Amino acid sequence: MTALLEHPGYEEQRLRSSAEKLPSRELQAGMLLSLMGQPQQYSYPSVFIYGHRASGKSHVMQVLLKELELPHATVSCVECVSVVLLFEQVLLSFFGCDVASLLPRSPSLSDFVRIYRQQCSQTPAKQTRYIVMEKAELLRDTDANLLPALLRLQELVEDNVTVILLSEIVWDKFRPNTGCFEPLLLHFPDYSKAELQQILSQDRHPSYSAEFYSSYINILLGVFYSVCRDLRELRHLAALNFSKFCEPLAEGKVKETDTHKLWRNIEPHLKKAMQTVYLREVSSLQWEQMQQMEEKESGALRGLSAHTHVELPYYSKFLLIAAYLASYNPARTDKRFFLKHHGKIRKTNFLKKNEKTSNHLLGPKPFPLDRLLAIFYSVVDSRVAPTASIFSQISSLVTLQLLTQVSHDDQLDAPKYKCAVSMDFICAISRTVSFDIVKYLYDFL
Amino acid sequence: MSKRKVTDAHLPVGECITQLQEILRRRLCCQQLPDRPDGVEAQHKHLLELLRRTAVHGESNSVLIVGPQGSWKNNAAEVRVERSAGGERSAEKPAAGLLQTDDRIALKEITRQLHLENVVGDKVFGSFAENLAFLLEALKKGDRSSSRPVLFVLDEFDLFAHHKNQTLLYNLFDVSQSAQAPIAVVGITCRLDVLELLEKRVKSRFSHRQIHLLSSPTFPQYVDRVRTQLSLPDDFPDVKFAEDWKASVKSLCEDKSVEDVLKRHFNSSRDFRSMHMLLMLCLSRVSVSKPAIRPADLLEASRLCFTDSKANMLHW
């Protein structure tokens, strides 16, 4: 059911074909059309359209501008790393490549406005010209004068031109300090569940009936709507899981109308897919292969993130163990653990002062580099020369996020670190080097 | 005789609506303001006087027009320049601070507009130093009696004050203070503290004349402005349609709910730009099936203007 878009200035046929391509966006398209008015009339100098990802902003603009054949220039701000690309694109779309080549080597906004003004005094706009800028939030990072100038472009070049900005961020974050010309704000809301159902059912597979596909979409939306409303992600999920859904049908076990059996078949797989929405930890092909494999071994449900094996070099393991000991043992107990001959330690004093709270509950404490190296040399069996390779292994541990650097980057001679691994992890590692770490931990005395 | 011609002309409704839309859209989108300023006559007269003195008597002047965003600054400058063109014709030079972000660019623009001899077609030859020397030479050669007064209009004046060393401003004000060719420098800005931005030597050469366009209309004046902005000009071809439109606008402005909406807008901002945005949203709904603005339209437009965009972005 497509509501009609009506406007006297445009042909009905074209409006109807636009409306067909824009399901569930009739309200916004109608609003845009009424703002645009008839082609030869003026429109508001700048319009700001905002809405979440995949809410149809660029799609609506493109369909309207192409179907109604209005002069427009579409620029994606991601591509325009320098403003010259933006200027060239606009001049190219409106006036042709000869005019675009009139731009000097590194043009400023002043050159652009001058050339535009000259051209439009020769060829004035019979219809409103539109400049559509996608990902407009990147305009904030360019020169400070570009955004205010674009918002007032109609006034600066004295031509019938409208600038339309599309963004996912609200206008309040764009406004410059001393103010600027305020554009008209237009919001594109999320699609509702029924609208998503209608749109997703359009990509149906030709060899299956429409009701079958829409029942599949119904099941999919029922599972995923609460976590994900992004149209692109949902289309990806639908395409990914459809073959699994159709499996019993292909094997001849169930008929198309047997929704209960189909649901029972697909339910565990959708549950597993729920844990990896948006993540793309593996490629789609690998995902499908994993689906096939998991069926044969009915193992426990494990997320993909559990597959983290970290293989470290020999000395790195000892460095990590030393770091763990440095983090979770108080500094005064080092003497007892790591020196061959230590004196008596008076236990009574500090038992009363601190209530013997487990250091493991308090979290890792920062330690200086010297302490780490001292513990490391006493923990490693053989004699280790303090070469640069040992120190670079410490930096690699920081990059792997197994150690965290606590001191400021400026303090080069006494950096401080903290150990960021869990007890299970360090036990697993120390087992591989046959080192009994529990014996050296203060909490387990 | 002409009355008979006018009453005979009766255009179909579609045509009337198109013409209406065209006229009003041009007015609202291009930010055209009524000719007669209300509340700022004294300031306009002052500016006019200054410009006339430069044009006619050859006196060099500099003035700064300060006003919030959306007041009539640009318009004021343009109108006064037009009106003061009686007597000696002066060459004017609007330079927008937004466009000319650098003194070099600004100087090139000035040389281009004044059609000095180092401009061929569109290209300006020479480096910044050469251009500056040339311009100063050209201005220095004149004096009160023999050369034409030049008017410099600097839009977004505060942005010019951020250029390096403020060379352009220094030189312009220097020329305006010394006995060289008569120039008038009109700066337009929205910052009240713009004088703090100027360096000491630049500030001392400036005449410290400021014109503040801080008009603050009362609510009845605001409603009047809305009415004038929505009114059709007298030479509209279809008289009956114009009469109907005028009556509908009048009844709209007297409606109670509309008054509340306008009061809310009046309390948040009194300038023309936000009013134009509101009226533009209402105007976009006027069509053949609905040839007048209803109060419901205005309410809807107001709701769109005041909507909280962050709340809109929440997933419900």
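How each quantity is defined
Along each chain, residue indices are assigned from 1 in the same order as the chain's sequence is written. As a convention, the first chain written is A and the first ligand written is 1, with the rest following in written order. Side-chain atom pairs in this predicted model are given and counted only at pLDDT of 80 or more, local residue features only at pLDDT of at least 70, and totals for whole chains, interfaces and linings cover all residues. For the side-chain quantities, the full set of heavy atoms in the structure was used; hydrogens and water were omitted. Where helices and strands are cited, they refer to DSSP runs of H or I of at least four residues and of E of at least two residues respectively, numbered from the N terminus. A simple rule labels every residue: compare its accessible area, found with a 1.4 Å probe on the protein chains alone, to the largest value its type can have, and call it buried under 20%, exposed over 50%, or partly exposed in between. Only heavy atoms enter the contact rule, under which two residues are in contact if any of them lie within 4.5 Å. Shrake-Rupley sampling with a 1.4 Å probe provides the accessible areas, and residues are treated as covered by the protein chains on show and by no other component. At least two DSSP bridges between two strands are needed for those strands to be called paired. Axes here refer to lines fitted to C-alpha atoms; in helices the fit is confined to the stretch in contact. Angles between the N-to-C directions go from 0 to 180 degrees. Residue-level confidence of the predictor, termed pLDDT, takes values from 0 up to 100. What makes a nonpolar core is a set of buried Ala, Val, Leu, Ile, Met, Phe, Trp, Tyr and Cys residues whose side-chain atoms join them at distances within 4.5 Å. Note on convention: the crossing is left-handed when the near helix lies turned anticlockwise from the far helix by less than a right angle, right-handed when the turn is clockwise. Polar here means any residue other than Ala, Val, Leu, Ile, Met, Phe, Trp, Tyr, Cys and Pro, which are nonpolar, and Asp, Glu, Lys and Arg, which are charged; Gly is therefore polar. Here is the rule: rings of Phe, Tyr and Trp (six-membered ring for Trp) pair when centre to centre is within 6.5 Å. Planes less than 30 degrees apart are stacked, more than 60 are edge-to-face, and the remainder are tilted. The rule is short: NZ of Lys or CZ of Arg within 6 Å of the ring centre and within 35 degrees of the ring normal puts a charge over the ring. The rule for a salt bridge is simple: a side-chain nitrogen of Lys or Arg has to be within 4 Å of a carboxyl oxygen of Asp or Glu. Note on definitions: buried area is the accessible-area loss of two parts on being combined, 1.4 Å probe, summed for both. As used here, the arc is the angular range of directions from the helix axis to the C-beta atoms. Just so you know how the angles are binned, under 35 degrees is roughly parallel, over 145 roughly antiparallel, 65 to 115 roughly perpendicular, and the rest oblique.

Enquirer: For this particular structure, what's the right way to read the overall build of chain B?
Expert: Looking only at helices and strands, one finds 16 helices and 7 strands in chain B. Across the 316 residues of chain B, 47% fall into the buried class. Summarising the internal contacts of chain B: among those between residues at least 6 apart in sequence, 80% fall at separations of at least 24. For chain B, the accessible surface area stands at approximately 15,900 Å², while carbon and sulfur atoms represent 53% of it.

Enquirer: I would appreciate a short explanation of the sheet that holds strand 7 (residues 403-405) of chain A in the present structure.
Expert: Strands pair in a sheet through their backbones, by hydrogen bonds, and they do so in one of two ways: parallel or antiparallel. All names here are of chain A. Spatially, 3 strands are ordered 6-8-7 in an open sheet, and the strand pairing comes out antiparallel. Two strands close off the open sheet at either side, each with one partner strand: strand 6 (367-368) and strand 7. Bridge count between strand 7 and strand 8 (residues 416-419): 3 bridges; the pairing is antiparallel. Residue Q405 lies in a different strand from strand 8, and its bridge partner there is Y417. The strands that helix 14 (residues 314-328) touches are strand 6, strand 7 and strand 8; relative to strand 8, the one it contacts most, it runs at about 95°.

Enquirer: Can you walk me through the confidence of the model for chain B in this structure?
Expert: Low pLDDT marks regions whose predicted coordinates should not be analysed in detail. Residue and element names in this part refer to chain B. Averaged over all residues, the pLDDT of chain B is 79; the fraction at 70 or higher stands at 81%. Below a pLDDT of 50 lies the segment residues 1-8, which in the model reaches 2 contacts outside its immediate sequence neighbourhood of four places, other chains included. With pLDDT under 50 throughout, residues 85-91 is counted as low confidence; its partners more than four residues away or in other chains account for 9 contacts. Note on the complex model: pTM 0.78, ipTM 0.86.

Enquirer: For this particular structure, what's the right way to read the environment of L107(B)?
Expert: All names here are of chain B. Tracing the chain through its elements places L107 in helix 5 (residues 103-114). By relative accessible area, which is 1% here, L107 ends up buried. Sequence spacing of L107 and N131 is 24 residues, and the spatial spacing of their C-alpha atoms is 7.2 Å. Setting aside chain neighbours within four positions, we find L107 in contact with F128, N131, L132, L135 and L168.

Enquirer: Got a minute to help me understand the nonpolar core in this structure?
Expert: Note that soluble globular proteins tend to have their nonpolar side chains buried in a common cluster. Within the largest apolar cluster, 109 residues are counted, with the highest numbers of intra-cluster contacts made by I49(A), L91(A), F112(A), Y116(A), M133(A), L139(A) and L165(A). Among the elements that line this core, the one with the most residues is helix 14 (residues 272-283) of chain B, at 9 residues. Setting aside residues up to four positions removed in sequence, I49(A) forms contacts with L32(A), K57(A), M61(A), I164(A), L165(A), L166(A), S167(A), L186(A) and F188(A). Residues A322(A), F337(A), F367(A) and V379(A) belong to the second largest nonpolar core, which totals 37 residues.

Enquirer: Could you clarify how one ought to interpret the packing of helix 18 (residues 369-379) of chain A against helix 19 (residues 388-399) of chain A in this entry?
Expert: Packed helices, taken two at a time, are described by the angle their axes make and the gap between the axes. Residue and element names in this part refer to chain A. Relative to each other, helix 18 and helix 19 sit at 115°, their axes nearing to 13 Å. Judged by the sense of rotation from one axis to the other, the crossing of helix 18 with helix 19 is right-handed. On the side of helix 18, the interface is formed by L369, L372, L373 and F376, while helix 19 contributes I390, F391 and I394. Of the residues that constitute the contact of helix 18 with helix 19, the class distribution is 7 nonpolar, no polar and no charged.

Enquirer: Quick question: what am I supposed to make of the packing of aromatic side chains here?
Expert: A ring pair, where both rings are aromatic, is described by two values, the distance of the centres and the angle of the planes. Inspection of every chain in the model, using the stated rule, returns 33 aromatic pairs over all chains. Geometrically, the ring pair formed by F94(A) and F95(A) is edge-to-face, given 6.4 Å between the ring centres and 75° between the ring planes. Consider the rings of F376(A) and Y377(A), whose centres lie 5.7 Å apart with planes at 50°: the pair is tilted. One aromatic cluster is present, formed by Y314(A), Y315(A), F318(A), F337(A), F338(A), F376(A), Y377(A), F435(A) and Y440(A) through successive ring pairs. We note R129(A) situated over the ring of F94(A); from NZ or CZ to the ring centre the distance is 5.6 Å. Directly above the aromatic system of F266(B) lies the positively charged group of R270(B), at a separation of 4.2 Å from the ring centroid.

Enquirer: Before we go on, may I ask you to explain the pattern of salt bridges in this structure?
Expert: All names here are of chain A. Counted by the stated rule, this structure contains 25 salt bridges over all chains. Between D111 and R114 there is a salt bridge, with the nearest N and O atoms lying 2.8 Å from each other. Residue D111 and its partner R114 are both found in helix 6 (residues 109-122); the two are separated by 3 residues, about one turn of the helix. Under the relative-accessibility criterion, D111 is labelled buried at 14%. Note on R114: relative accessible area 15%, which makes it buried. Note that R175 is salt-bridged to D172, the shortest N-O span being 3.8 Å.

Enquirer: How should the pairing of strand 5 (residues 184-188) of chain A be read in this particular structure?
Expert: Note on strand geometry: in a regular strand, side chains alternate between the two faces of the sheet. Residues and elements named next belong to chain A. Taking burial as the measure, the 5 residues of strand 5 include 4 buried ones, the bulk of the element. Sheet topology note: the strand 1 (residues 46-51)/strand 5 ladder contains 5 bridges and is parallel. Each bridged residue has a counterpart across the sheet, and for G51 the counterpart in strand 5 is F188.

Enquirer: Where do I start with the interface of chain A and chain B in this structure?
Expert: When the parts come together, some accessible area is lost, and that loss is often what is quoted as the size of the interface. Counting residues at the interface gives 42 residues for chain A and 35 residues for chain B. Overall, the association of chain A and chain B removes approximately 3,500 Å² of surface from exposure, summing both partners, and the carbon and sulfur fraction of that is 58%. On the chain A side of the contact with chain B, Q41(A), Y42(A) and Y44(A) bury the most area, a combined 17% of that side's loss. Counting the contacts that link chain A with chain B gives 1 salt bridge. E156(B) is the partner of R152(A) in a salt bridge, and the nearest nitrogen-oxygen pair spans 3.1 Å.

Enquirer: Please explain the confidence of the model for chain A as it appears in this structure.
Expert: Within chain A, residue pLDDT values average 84, and 91% of them lie at 70 or more. Note on residues 298-307 of chain A: pLDDT is under 50 here. Beyond four places in sequence and across chains, it has 11 contacts.

Enquirer: Help me understand the sheet that holds strand 2 (residues 72-76) of chain A in this model?
Expert: Residue and element names in this part refer to chain A. On the basis of which strands lie adjacent, the open sheet formed by 5 strands has the order 2-3-4-1-5 and parallel pairing. Strands with a single pairing partner mark the edges of an open sheet, and in this sheet they are strand 2 and strand 5. Strand-to-strand twist in this sheet, taken as the mean axis angle between neighbours without regard to direction, amounts to 20°.

Enquirer: How should helix 20 (residues 423-432) of chain A be read in this particular structure?
Expert: Note: α-helices contain 3.6 residues per turn, so residues at a spacing of three or four share the same orientation. Residues and elements named next belong to chain A. Buried within helix 20 we find I426, I429 and S430. Buried residues of helix 20, seen end-on, are gathered within an arc of 95° and therefore sit on one face of the element. Among the exposed residues of helix 20, those oriented more than 90 degrees off its buried face are D424, R431 and T432. Considering only its buried residues, helix 20 is in contact with helix 14. Note on helix 20: the residue one or two positions beyond its end, S434, has a positive phi of about 50°.

Enquirer: I tried to follow the pairing of strand 5 (residues 150-155) of chain B on my own but got confused; where do I start?
Expert: Residues and elements named next belong to chain B. Summarising burial for strand 5: 6 of the 6 residues are buried, a large majority. Residues V150, F152 and L154 point to one face of strand 5 and L151, V153 and D155 to the other, with burial holding for every one of them. As judged from the 5 bridges shared by strand 5 and strand 6 (residues 183-189), these two strands associate in the parallel manner. By the bridge assignment, L151 is partnered in strand 6 with A184.

Enquirer: Mind showing me how you'd approach the packing of helix 11 (residues 219-230) of chain B against helix 12 (residues 239-254) of chain B here?
Expert: All names here are of chain B. Where helix 11 meets helix 12, the axes come as close as 10 Å, and the angle between the chain directions of the two elements is 160°. As judged from the angle between their axes, helix 11 and helix 12 are roughly antiparallel. In this structure, helix 11 meets helix 12 at a crossing whose hand is right-handed. Along the contact surface, helix 11 presents V223, R227 and L230, while helix 12 presents W245, V249 and C253. Tallied by class, residues from the contact of helix 11 with helix 12 come to 5 nonpolar, no polar and 1 charged.

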